[in-house]
Each structure stands twice: as C-alpha cells, then as structure tokens.
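Examining the three-dimensional arrangement
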2 protein chains.
Amino acid sequence: MGRPSRERMADAAIDALQGQLSAYMERKGLRSTSQRRLVSDVFFRAAGHHSLDEVLAMARAEDPRVGYATVYRTMKLLVECGLANERQFGDAVTRFEIAHHDSHHDHLICLECKRIVEFEDSEVEAHQEALAQRYGFSLVSHKHELYGLCAECQRK
Amino acid sequence: MGRPSRERMADAAIDALQGQLSAYMERKGLRSTSQRRLVSDVFFRAAGHHSLDEVLAMARAEDPRVGYATVYRTMKLLVECGLANERQFGDAVTRFEIAHHDSHHDHLICLECKRIVEFEDSEVEAHQEALAQRYGFSLVSHKHELYGLCAECQRK
DNA sequence: CTCGATGCAAATGCTTTGCAGAAAA
DNA sequence: TTTTCTGCAAAGCATTTGCATCGAG
C-alpha cells in the first residue's frame with residue numbers, strides 16, 4: 001500500500017468527495033445546485049492551494065455566469081463539512097486545499113516563486129502532542145510552515 | 001546561565017532595544033520623535049503579541065493624541081530594523097512581538113480565549129533543517145503553531 | 001408554491017497612503 | 001530653513017452580507 005500521490009485526484013476519489021458533500025447537504029437540508037456541483041468539482045479536480053479568485057476563474061472557465069459570492073459561500077460550505085481546509089500563507093489571501101483525513105501534512109513555501117511543497121513528518125507530529133500536554137493544552141490543529149528558497153530560485 | 005524570562009522585559013534590555021533603534025534611525029537619517037519613542041517604549045515594555053489597536057491603546061494611555069497611522073508606521077519601522085516580528089494567527093489581524101535573536105520560539109494558541117503561550121523546541125528546530133534540505137530548500141524562517149484549548153477553557 | 005441559493009452591489013474590517021500642517025535637525 | 005514626521009481622512013483590498021430574483025424540491 002503505497003503513499004497516495006497528491007498530484008491529482010483520481011476520479012474515484014473525487015466521486016467519494018462529491019458523495020460526502022451530497023450526504024452533508026442532504027443531512028442539513030441544503031440544495032444541490034448546478035453552481036455547487038460545478039464549484040466543488042473544479043476545486044476537487046485541481047491539486048494544490050487556491051484562492052477564491054483562482055477557484056472562481058476555474059469555475060468560470062466552464063460557466064462564465066458564476067458569481068464570486070457563490071464561490072465564496074460554496075468554499076465556506078466545503079470547509080464546514082470538513083472537505084476543505086482554509087490556509088493563510090505569507091500574503092493576505094486565504095487559500096483552500098482539499099482536506100485529507102488519513103494523514104496530516106505541512107508546507108514548505110518558496111518566498112520567491114511562491115511554490116508550495118507538502119511534506120509529512122510523523123516524528124514532529126508525535127512531538128507536538130507531548131508539547132501541548134506539557135502546557136495543559138488539548139490540541140485541535142496545527143500549522144507548520146517552512147519558508148525559504150526552493151532549489152530553482154537559489155540558482156538565480 | 002538560565003533561560004531568560006519572557007514575561008517582562010528588564011529595563012536594561014529595553015534600553016538596549018531603544019539603543020538599537022536609535023542606531024538604526026541615525027544610520028538611515030530618520031528622526032527621533034516623541035511619538036516614535038513613546039510607541040516603541042510601550043511596545044518594548046509590553047510582553048506578548050499585540051495588534052495595532054492594542055499598541056495604539058497603550059500609547060494613547062500616555063498621550064491621547066497619537067494617531068493610528070503613526071503607530072502603524074512605527075511598528076513597520078521596528079519590523080524593518082529587526083526589533084519586532086509580524087505574525088498572523090487564526091484571525092484577520094496582524095500582531096507584533098519583540099524579536100528575540102538568541103533563540104527561536106513558537107506558539108500554542110487557545111482557540112477559545114486566544115491566550116498565546118510560547119515554547120521552544122530545539123529538537124524540531126534541527127529536524128526542520130534536514131527536512132528543508134531533503135526538498136532542496138534553503139530555510140529562511142518558519143512558523144509552527146499549535147491550536148487547541150488551554151487547561152482553563154477545557155474545564156468550561 | 002416555498003424556501004433556500006444566486007449574483008449583484010454595497011458594507012465591512014483591516015491595512016496602507018496622500019497631503020497639509022507640525023516639528024526635528 | 002529644509003526635510004522628515006504626524007494625524008487625519010480617504011483609498012485599497014480581501015472578505016462578508018443584504019436583497020431582489022431565480023430555481024430546486
């Protein structure tokens with residue numbers, strides 16, 4: 001059982017996510033609209049970390065009439081039901097990524113080209129728990145970001 | 001040689017910071033004004049992580065006529081000359097903390113009462129370098145934040 | 001039909017800047 | 001006197017929301 005690639009999402013995986021979304025909406029009495037299907041679909045298909053503007057652009061490529069507020073509210077919905085995570089890196093904009101529940105990952109961010117590389121580190125992960133406990137905290141989540149220059153930008 | 005307390009700043013330490021600021025301003029041909037002295041002073045004296053509004057409030061306690069923009073520009077100046085660090089936690093506001101050059105520290109943040117506890121972890125610190133190298137990055141800085149509930153808020 | 005969803009445009013909240021008067025040097 | 005700094009108010013910008021209309025159930 002190899003580590004699943006995060007480059008792109010297999011169709012089956014996307015179907016699973018769409019299924020979870022449908023289940024959540026049904027449970028909450030929310031409606032399945034063409035916009036929600038479109039926005040969630042382009043988001044699930046796109047690997048990486050995207051701002052609202054980026055998700056809007058992707059959605060508008062398929063339907064130019066989608067509004068910013070709809071993308072905003074749909075992404076909020078995805079965060080609510082645990083299918084997306086909101087993240088803030090150096091700049092002012094909020095970015096969204098698909099939430100992976102199987103394993104945590106953190107980020108290496110290139111200050112020059114803004115490239116974002118994901119990594120996993122179970123060693124640090126375990127350490128955090130112990131640390132939190134030492135201060136009486138019960139951990140909910142964490143953020144571990146390393147900022148620097150990627151190999152390519154170092155050469156310039 | 002014990003670990004220096006971060007609770008409050010010794011007067012001697014504050015003088016040292018003020019000295020560094022003066023040196024920087026002189027080098028850059030900037031002027032020493034009563035506002036800059038006041039804002040940097042209240043900031044150096046206050047332990048913790050403060051938003052612009054908080055620094056403004058502290059400054060206005062001593063001189064009600066200080067303007068928001070002056071605090072904004074003074075804090076920017078302190079960041080520029082390396083005496084303060086800018087940080088963004090969960091919310092939308094930027095917070096400032098005194099920059100400690102001797103050792104790094106990271107943060108435990110209570111999601112309920114917003115309390116911020118600092119911790120040091122040289123073990124993780126060393127690990128990060130190795131990790132970055134594995135991906136060809138040269139590290140510049142990092143952010144390691146643990147979010148959860150503090151002992152007090154868990155009881156509620 | 002009904003009530004939630006959409007899209008627009010306006011409001012918000014924080015940050016940043018232009019400018020005329022004030023104050024260092 | 002010259003040049004930088006201050007304080008106000010206005011501009012920027014990403015995010016959020018009110019509301020009339022649209023469309024799923």
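On to the protein's contact with DNA strand C, then. Taken together, 21 residues lie near DNA strand C, and Arg-31, Thr-33, Arg-36 and Thr-70 of chain A together with Tyr-72 of chain B sit nearest. For DNA strand C, the fraction of protein-proximal atoms (within 4 Å) that sit in sugar or phosphate groups is 68%. Interatomic distance of 2.9 Å between a backbone N/O atom of Thr-94 of chain B and a phosphate oxygen of DNA strand C. For the surface near DNA strand C, the secondary structure elements donating two or more residues are helix H2 (34-45) and helix H4 (68-80) of chain A together with helix H4 (68-80) of chain B. Of the residues assigned to the surface near DNA strand C, the class counts are 8 nonpolar, 6 polar and 7 charged.

What follows covers the relation of the copies chain B and chain A. The two copies are related by a screw motion: chain B maps onto chain A through a turn of 179° and a shift of 0.1 Å along the axis, at an RMSD of 0.2 Å. What the rotation and shift describe, once combined, is the action of a two-fold rotation axis. Minimal C-alpha distance to the rotation axis in chain B is attained by His-144 of chain B, lying at 2.2 Å. Most of the interface of chain B is mirrored in chain A: 100% of its interface residues are interface residues there too.

All chains considered together, the criterion is met by 13 salt bridges over all chains. A salt bridge links Asp-11 of chain A to Arg-45 of chain A, with the nearest nitrogen and oxygen atoms 3.8 Å apart. Here Asp-11 of chain A, found in helix H1 (residues 11-28), pairs with Arg-45 of chain A, found in helix H2; they are 34 residues apart in sequence, far enough to count as distant. The salt bridge partner of Arg-45 of chain B is Asp-41 of chain B, with a shortest N-O separation of 3.0 Å. Here Arg-45 of chain B and its partner Asp-41 of chain B are both found in helix H2 (residues 34-45), 4 residues apart, which amounts to about one turn of the helix. Of the residues examined, Arg-45 of chain B reaches a relative accessible area of 41% and is grouped as partly exposed. Here the residues in one salt-bridge network are Asp-11, Asp-41 and Arg-45 of chain A, joined through shared partners.

The next thing to look at is the packing of aromatic side chains. Residues and elements named next belong to chain A. In total, this model carries 2 aromatic pairs over all chains according to the counting rule given. Pairing Phe-43 with Phe-44 gives two aromatic rings, centres 5.9 Å apart and planes at 50°, and the pair type is tilted. By relative accessible area, which is 0% here, Phe-43 ends up buried. Looking at Phe-44, the relative accessible area reads 0%, which means it is buried.

If you trace the 6 strands from one edge of the open sheet to the other, you get S5(A)-S4(A)-S6(A)-S6(B)-S4(B)-S5(B), paired in mixed fashion. Of all strands in the sheet, those bounded by a partner on one side alone are strand S5 (116-119) of chain A together with strand S5 (116-119) of chain B. Adjacent strand axes in the sheet meet at a mean angle of 20°, parallel and antiparallel pairs treated alike. By the bridge criterion, 11 bridges tie strand S6 (residues 138-149) of chain A to strand S6 (residues 138-149) of chain B in an arrangement that is antiparallel. By the bridge assignment for S6 of chain B, Ser-141 of chain A is matched with Tyr-147 of chain B. Running over the sheet, helix H5 (residues 122-134) of chain A touches strand S4 (106-110) and S6 of chain A together with strand S4 (106-110), S5 and S6 of chain B and is turned about 130° from S6 of chain A. The strands touched by helix H5 (residues 122-134) of chain B within the sheet are S4, S5 and S6 of chain A together with S4 and S6 of chain B, with S6 of chain B carrying the most contacts at an inclination of about 130°.

Conventions we followed
Residues numbered from 1 in each chain as written. Chains lettered and ligands numbered in written order. Predicted model: local features only at pLDDT ≥ 70, side-chain atom pairs only at ≥ 80, totals over all residues. Heavy atoms only, no water. Near = heavy atom within 4 Å. Polar contact = N/O pair within 3.5 Å; in protein donor to acceptor, adjacent residues only side chain to side chain. Helix = DSSP H or I, 4+ residues; strand = E, 2+ residues; numbered from the N terminus. Nonpolar A, V, L, I, M, F, W, Y, C, P; charged D, E, K, R; others polar. Least-squares fit on C-alpha atoms with pLDDT ≥ 70 in both. Contact = heavy atoms within 4.5 Å. Salt bridge = Lys/Arg side-chain N within 4 Å of Asp/Glu carboxyl O. Buried < 20%, exposed > 50% of the residue type's maximum accessible area, 1.4 Å probe, protein only. Phe/Tyr/Trp six-rings, centres within 6.5 Å; stacked < 30°, edge-to-face > 60°. Pairing = 2+ DSSP bridges. Axes fitted to C-alpha atoms, helices over the stretch in contact; angles between N-to-C directions.

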